[in-house]
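Listed below are the residues making up each chain.
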Protein chains: 2
Amino acid sequence: MLFDGWAADVQAAAHVFVRALEPAVEVSGVDGHHLERVRRVRAGERVTASDGAGNWRLYEVSEAANARIALVAVRAVMHEPVLTPPLAVAFALTKREKPEVVVQKLTELGVDRILPVVGSRSVVQWDERKSAAALARWDRVAREAAMQCRRSRLPTIADVVPLSALAGTSGLIVADRGASESPTGVPLVGPDGWVVLVGPEGGFSPEELIGLDEAGPVARLAVGPHVLRAETAAIAAASVLAAQRTVGDA
Amino acid sequence: MLFDGWAADVQAAAHVFVRALEPAVEVSGVDGHHLERVRRVRAGERVTASDGAGNWRLYEVSEAANARIALVAVRAVMHEPVLTPPLAVAFALTKREKPEVVVQKLTELGVDRILPVVGSRSVVQWDERKSAAALARWDRVAREAAMQCRRSRLPTIADVVPLSALAGTSGLIVADRGASESPTGVPLVGPDGWVVLVGPEGGFSPEELIGLDEAGPVARLAVGPHVLRAETAAIAAASVLAAQRTVGDA
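Note that the structure is a prediction, hence the values are computed from the model and not measured.

Each value, and the rule that gives it
Numbering of residues starts from 1 in every chain and runs along the sequence as written. Both sets of labels track the order of writing: A upward for chains, 1 upward for ligands. Only residues with pLDDT of 70 or above have their local features reported here, since the model is predicted, and side-chain atom pairs are shown and tallied only from 80 upward, although totals for entire chains, interfaces and linings are computed over all residues. Excluded from the side-chain calculation are hydrogens and water; included are all heavy atoms of the structure. In this description a helix means any DSSP run of H or I spanning at least four residues, a strand means any run of E spanning at least two, and both kinds are numbered starting from the N terminus. Think of it in three bands: with a 1.4 Å probe and only protein chains considered, a residue is buried below 20% of the maximum accessible area for its type, exposed above 50%, and partly exposed in between. By definition in these notes, contact holds between two residues if any of their heavy atoms fall within 4.5 Å. A 1.4 Å probe and the Shrake-Rupley method give the accessible areas. Residues count as covered only by the protein chains that appear here. Remark: nonpolar core denotes a set of buried residues (Ala, Val, Leu, Ile, Met, Phe, Trp, Tyr, Cys) joined through side-chain atoms within 4.5 Å. The working definition used for a salt bridge is a side-chain nitrogen of Lys or Arg within 4 Å of a carboxyl oxygen of Asp or Glu. Helix axes use the C-alpha atoms of the stretch in contact, all axes being lines fitted to C-alpha atoms, and the angles between their N-to-C directions lie in the range 0 to 180 degrees. For classification purposes, an angle smaller than 35 degrees is called roughly parallel, one larger than 145 roughly antiparallel, one from 65 to 115 roughly perpendicular, and anything else oblique. Throughout, the ten residues Ala, Val, Leu, Ile, Met, Phe, Trp, Tyr, Cys and Pro are labelled nonpolar, Asp, Glu, Lys and Arg are labelled charged, and all others, Gly among them, are labelled polar. Each residue carries a pLDDT value, the predictor's own confidence for that position, ranging from 0 to 100. Domain limits in this description derive from either an automatic procedure or a database domain assignment. Here the buried area means the combined drop in accessible surface, using a 1.4 Å probe, for two parts upon being joined, counting both sides. Two strands qualify as a pair provided that DSSP identifies no fewer than 2 bridges between them. For the purposes of these results, a polar contact is taken to be a pair of N or O atoms within 3.5 Å, where, inside protein, one atom must be able to donate a hydrogen and its partner to accept one; residues adjacent in sequence count only when each atom of the pair is a side-chain atom.

**Student:** Explanation requested: the overall build of chain A in the structure shown.
**Tutor:** Secondary structure summary: chain A contains five helices and 15 strands in total. Relative to its 250 residues, chain A shows a buried fraction of 54%. Here the analysis covers contacts within chain A between residues at least 6 apart in sequence; of these, 73% occur between residues at least 24 apart. Counting every atom, chain A has about 10900 Å² of accessible surface; 52% of that belongs to carbon and sulfur.

**Student:** Help me understand unusual backbone geometry in this model?
**Tutor:** Most peptide bonds are trans, and most residues other than glycine sit at a negative phi. Residues Thr-84 of chain A and Pro-85 of chain A are joined by a peptide bond in cis, for which omega reads -5 degrees. With respect to the element layout, Pro-85 of chain A can be found in the loop between β7 (83-84) and β8 (87-92). A positive phi angle, close to 65 degrees, is found at Arg-150 of chain A, a residue other than glycine. Following the sequence through the fold, Arg-150 of chain A ends up in the loop between α3 (128-149) and β10 (156-157). Residue class for Arg-150 of chain A comes out buried when judged on its relative accessible area of 12%. Positive phi, close to 65 degrees, is recorded for Ala-67 of chain B, a residue that is not glycine.

**Student:** What is the right way to read the nonpolar core from this model?
**Tutor:** In summary, soluble globular proteins display a tendency toward joint burial of nonpolar side chains. Trp-138 and Val-196 of chain A together with Trp-138 of chain B are the most contacted members of the largest nonpolar core, which totals 73 residues. Leave out the neighbours within four places in its chain, and Trp-138 of chain A touches Leu-93, Pro-99, Glu-100, Val-103, Pro-116, Trp-126, Ile-157 and Val-160 of chain A.

**Student:** Would you explain the pattern of salt bridges in this entry?
**Tutor:** A complete count under the given rule lists 23 salt bridges over all chains for this structure. The closest approach of N and O atoms between Glu-231 of chain A and Lys-105 of chain B, which form a salt bridge, is 2.8 Å. In this pair, Glu-231 of chain A is assigned in helix α5 (residues 230-242) and Lys-105 of chain B in helix α2 (residues 99-108), connecting two distinct chains. Glu-231 of chain A gets classed as buried once you look at its relative accessible area, which sits at 7%. Lys-105 of chain B sits in the buried class, given a relative accessible area of 1%. Among the ionic pairs, Asp-213 of chain B bridges to Arg-220 of chain B, the shortest N-O distance being 3.1 Å.

**Student:** Looking at this model, I keep getting lost on the packing of α2 of chain B against helix α5 (residues 230-242) of chain B. Mind explaining?
**Tutor:** A pair of packed helices is captured by two measures, namely the crossing angle of their axes and the spacing between those axes. Residues and elements named next belong to chain B. Between α2 and α5, the shortest axis-to-axis distance is 10 Å and the interhelical angle comes to 10 degrees. With respect to each other, α2 and α5 are oriented roughly parallel. For the pair α2 and α5, the contacting residues are Val-101, Val-102, Lys-105 and Leu-106 in the first and Glu-231, Ala-234, Ile-235 and Ala-238 in the second. Here the contact of α2 with α5 is composed, by residue class, of six nonpolar, no polar and two charged.

**Student:** What is the right way to read the confidence of the model for chain A from this model?
**Tutor:** All names here are of chain A. For chain A, mean pLDDT is 86; residues scoring 70 or higher make up 88% of the total. Contacts of residues 180-184 to residues separated by more than four positions or lying in other chains number 12 contacts, the stretch itself having pLDDT below 50. In the predicted assembly, ipTM is 0.90 and pTM is 0.91.

**Student:** What am I meant to see in the domain arrangement of chain A here?
**Tutor:** Size of an interface: often given as the accessible area lost when the parts come together. All names here are of chain A. Parsing chain A into structural domains produces domain 1 (14-79) and domain 2 (83-247). Here the C-alpha centre of domain 2 lies 32 Å away from the C-alpha centre of domain 1. Taken together, the contact between domain 1 and domain 2 spans 14 residues of the former and eight residues of the latter. At the boundary of domain 1 with domain 2, total buried surface from both sides reaches about 900 Å², with 52% on carbon and sulfur atoms. At the junction of domain 1 with domain 2, the criterion picks out one salt bridge. As a salt-bridge pair, Asp-31 and Arg-143 come within 2.5 Å of each other at their nearest N and O atoms. Among the secondary structure elements, those contributing two or more residues to the side of domain 1 that touches domain 2 are β1 (14-17) and β4 (55-65). Ranked by residues supplied to the side of domain 1 that touches domain 2, first place goes to β1 with four residues. Each residue belonging to the side of domain 1 that touches domain 2 can be placed in one class, and the counts come to five nonpolar, six polar and three charged.

**Student:** Just to check I follow, could you spell out the pairing of β8 of chain A for this structure?
**Tutor:** Looking along a regular strand, one sees side chains alternate from face to face of the sheet. Residue and element names in this part refer to chain A. In terms of burial, β8 is largely enclosed, as six of its six residues are buried. In β8, alternate side chains face the same way, and those of Leu-87, Val-89 and Phe-91 on one face and Ala-88, Ala-90 and Ala-92 on the other are all buried. The sheet contact formed by β8 and strand β13 (residues 194-198) spans five bridges and is parallel. Its bridge partner being in β13, Ala-90 is matched across the sheet by Leu-197. With five bridges connecting them, β8 and strand β9 (residues 113-118) associate as parallel partners. For Ala-88, the partnering residue across the bridge sits in β9 and is Arg-113.

**Student:** Would you mind going over helix α2 (residues 99-108) of chain A with me for this structure?
**Tutor:** It helps to recall that an α-helix has 3.6 residues per turn; residues three or four apart then point in one direction. Judged by how many residues are buried, α2 of chain A sits mostly within the fold: eight of 10 residues are covered. All buried positions along α2 of chain A are accounted for by Pro-99, Val-102, Val-103, Gln-104, Lys-105, Leu-106, Thr-107 and Glu-108 of chain A. Residues of α2 of chain A that are buried in the fold lie against β8, β9, α3, β10 and α5 of chain A together with α5 of chain B. Trailing α2 of chain A by a residue or two, Gly-110 of chain A shows a phi angle of about 85 degrees, which is positive.

**Student:** Help me out: how do you make sense of the environment of Leu-87 of chain B in this one?
**Tutor:** If you trace the backbone, Leu-87 of chain B turns up in strand β8 (residues 87-92). C-alpha separation for the pair Leu-87 of chain B and Ile-114 of chain B, spaced 27 residues apart in sequence, amounts to 8.9 Å.

**Student:** Please clarify how the environment of Gln-104 of chain A should be interpreted in this entry.
**Tutor:** Checked against the element boundaries, Gln-104 of chain A lands in helix α2. Those residues in contact with Gln-104 of chain A that lie beyond four places of it in its chain are Val-141 and Ala-145 of chain A together with Arg-229 of chain B.

**Student:** How should the side chain of His-15 of chain B be read in this particular structure?
**Tutor:** Residues and elements named next belong to chain B. Tracing the backbone shows His-15 in strand β1 (residues 14-17). A residue is classified by how much of its surface remains accessible, and His-15, at 2% relative accessible area, is buried. Side-chain polar atoms of His-15 contact the side chain of Thr-48, separated by 2.8 Å. Residues in contact with His-15, not counting those within four places in the same chain, are Thr-48, Ser-50, Ala-146, Met-147, Arg-150, Arg-151 and Ser-152.

**Student:** Quick question: what am I supposed to make of the environment of Ser-205 of chain B here?
**Tutor:** Residue and element names in this part refer to chain B. Tracing the backbone through its elements, the reader meets Ser-205 in the loop between β13 (194-198) and α4 (206-214). Look at Ser-205 and you get buried, because its relative accessible area is 6%. It is 7.1 Å that separates the C-alpha atoms of Ser-205 and Ser-120, two residues lying 85 residues apart in sequence.

Structure (structure tokens):
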């Protein structure tokens, strides 16, 4: 099987992130509360823990009480294979859309890097404080989604940058309804893999598209002929590319 | 361009469903309220109208007042091309998931038929009254999504049936994380096109999978190695297949 030996997801009652995959670890705080109080994980059950950097390990719960669980390793540390090419999704922030849903779904789909951008048609204003709060929130959403989907390598979420900063990125693919290229063709892979850019529902401004095209070759990707919500477009583009990835070397 | 000449979406202020594409039509009721009061469509603006069966027409607003708009045709009736192969998505209803989000996204992605099913692990109980209310709600969600994404052929939403009823369906594809087949391979197309089945988050029961496999050839489709939420799996599988469709003859 293609993805055999990934995470002990079927046997394990839960997947949790810890600082280091020591032979014995304790989970307290928010995660301890979630596992012991909400999920009601009990002594004797199995749980996988991960360091968020691709390593994971199978543990047995030795104690569960007072919103804490103690874990004892039952196997050696395992390594979640890297998928290739690397996949980044850049999406334009808008007032109407909910980036949290996008971050959650992209994490489940295995996207490596999430790049929030603001376009010239974005109504959203980003100051530094607001940006820091949003990034902290999205990191939390990604972490929770990774626990739920048994992912051991957390996606990185980049600082908010203007869309024009992506001009010249190699491997750039624009999710575009009017795409004329074969929808099943595999786009060019840059040194950083695929970087797919999804615009706001109103679309990119003509100047933005010209700016991107002038800076270097840009592939296009269409998922159906209809006007997708920005949120749907991000999930759809990530799905199409994720389904074309294979297990890499690292 | 692949999808050129679909709907006058860029120029038109809105897309609305009407009974027949007469030279002059009036939109009142919920849609009239939405267009005149919420979207504030005004006389002189252009709107596309559709009969929901694939036909659409460009109109000009001649009057807009009191939650009603009057439309006068400015072009002949157009026909939205059919995409091939036909695409159906069957998804298992669960207590936790929100079928509304799935119906909305599948409509945007151009899915032709939506088949809600209950599996043996579904916690949901369906009686006839509840089922009728849910179907009416999902039809409304699909219609609103079609207006938003400028789609002129409404998807059909089938009655809720047990998952076992799908056994033997030709063109059946099971969205399965453990899929061993090439993720980019194009699955077999049955006489009714592709019918992709997405299970609940807990997965199918072994008996259900055996039942499906025994009844005939079943393709598998994986989108990434992680455990997708049922909602994400439905959208991801539909996206992968939607991106492989082309314009048909009809």
